[in-house]
Amino acid sequence: MITKEELLTCSITKFTQFGSKHVSLDEIAGTLGISKKTIYTFFKNKEDLVTSSLEQLLNKLSEEIDKIISDNREDPIISVILIYKRGFEYLKYFKPSYIFGLKKYYPKASNFFEKFNEDLANNRIYNLLKQAQEAGNIKQEVNLKLVVKIYFLRIDTVLFNNNNLFKLHQKEELFKHMVVYNLKGIITRNYSNPIFE
């Protein structure tokens, strides 16, 4: 018998690669060698499965973010960089249709995704930048709330708007331009890390 976690893992892999609207419950069942009826023992409907699989993925990412912050307590700027580097690893495998499909067809999942992004940017990233500013590593005149809104709040929208930037540019190049170079513009001269050289 398949576990709920195995079903969620298979589902999110298919949904992110092909778009949740384009993957049927029959396809997921076939991949796992189970009946569609088995899926319904765990989930009421496809939206429930889409939402739950996204929750599992984002909860895993959240745990990884907590570990990054914990492992880099002395350097909040590096925490920000590593958090987005990890996020880029996840987003690299997303088809733009997955994110846009959430908005159009699965409002519950879309709301969960939006809340995760808002919490990440407005709380975790903001607090890390604030710590760095208080330590003298970010210029005092920088409005951190504005920096978060401009550069960190909707990175996924920028990456996937009109063109999938992951198809046009290497992941590392995108990461440097969207995260590292923007941070480089607000750090003070007394902050030193090889990533900015």
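The model shown is predicted, which means the values in this text are computed figures rather than measured ones.

Peer 1: How do you make sense of the nonpolar core when you look at a structure like this?
Peer 2: Generally speaking, nonpolar side chains in soluble globular proteins are found buried as a group. The biggest cluster of nonpolar side chains holds 65 residues, and the ones touching the most others in it are Tyr84, Leu129, Phe152, Val179 and Leu183. At 10 residues, the largest contribution of residues to this core is made by helix α7 (residues 107-134). Excluding residues that lie within four positions of it along the chain, Val179 makes contacts with Ile81, Tyr84, Phe88, Phe152 and Ile155.

Peer 1: Looking at this model, I keep getting lost on the UniProt feature "DNA-binding region" (unreviewed entry) in the protein. Mind explaining?
Peer 2: UniProt's entry tags residues 24-43 with the feature "DNA-binding region" (unreviewed entry), counted in the numbering of this structure. With 75% helix and 0% strand, the stretch residues 24-43 has end C-alpha atoms that lie 14 Å from each other.

Peer 1: Can you help me understand the pattern of salt bridges in this one?
Peer 2: Opposite charge on two side chains permits them to pair, given that their charged atoms come into close proximity. The full count for this structure, using the stated rule, is 6 salt bridges. Across the pair Asp26 and Lys36 runs a salt bridge, and its minimum N-O distance is 3.9 Å. Of this pair, Asp26 sits in helix α2 (residues 25-32) while Lys36 is found in helix α3 (residues 36-42), placing the two residues 10 residues apart along the sequence. Asp26 sits in the partly exposed class, given a relative accessible area of 49%. Two residues, Glu172 and Lys85, come together in a salt bridge whose shortest N-O distance is 3.8 Å. Of this pair, Glu172 sits in helix α11 (residues 171-184) while Lys85 sits in helix α5 (residues 76-91); the two residues are 87 residues apart in sequence, bridging distant segments of the chain. For Lys85, a relative accessible area of 31% puts it in the partly exposed group.

Peer 1: Before we go on, may I ask you to explain the side chain of Ser53 in this structure?
Peer 2: Along the chain, the position of Ser53 falls in helix α4 (residues 46-71). Among the residues examined, Ser53 registers a relative accessible area of 0% and is labelled buried. A polar side-chain atom of Ser53 sits 3.0 Å from the main-chain carbonyl oxygen of Val50. Ignoring any residue separated from it by four or fewer positions in sequence, one finds Ser53 in contact with Leu8, Ser11, Ile12 and Phe15.

Peer 1: It is not clear to me how the layout of surface pockets should be interpreted in this structure. Could you clarify?
Peer 2: Over the atoms a probe the size of a water molecule is rolled, and this reveals where empty space is left. Taken as a whole, the largest pocket holds about 290 Å³ of empty space. Lining the largest pocket are 13 residues, with Ile12, Thr13, Leu57, Lys60 and Tyr90 sitting closest to its centre. Of all elements in the fold, only α1 (4-18), α4 and α5 reach the threshold of two or more residues within the lining of the largest pocket. Residue contributions to the lining of the largest pocket peak at 5 residues, all from α1.

About the thresholds
Residues numbered from 1 in each chain as written. Predicted model: local features only at pLDDT ≥ 70, side-chain atom pairs only at ≥ 80, totals over all residues. Heavy atoms only, no water. Core = buried A, V, L, I, M, F, W, Y, C linked by side-chain atoms within 4.5 Å. Buried < 20%, exposed > 50% of the residue type's maximum accessible area, 1.4 Å probe, protein only. Helix = DSSP H or I, 4+ residues; strand = E, 2+ residues; numbered from the N terminus. Contact = heavy atoms within 4.5 Å. UniProt positions renumbered as here; feature names shortened; annotations may be inferred. Salt bridge = Lys/Arg side-chain N within 4 Å of Asp/Glu carboxyl O. Polar contact = N/O pair within 3.5 Å; in protein donor to acceptor, adjacent residues only side chain to side chain. 1 Å grid on protein atoms, 1.4 Å probe; cavity = no way out; pocket = protein on both sides within 12 Å on 5 of 7 lines; lining within 4 Å. Points joined across faces, edges and corners; volume = space filled by probe spheres on them.

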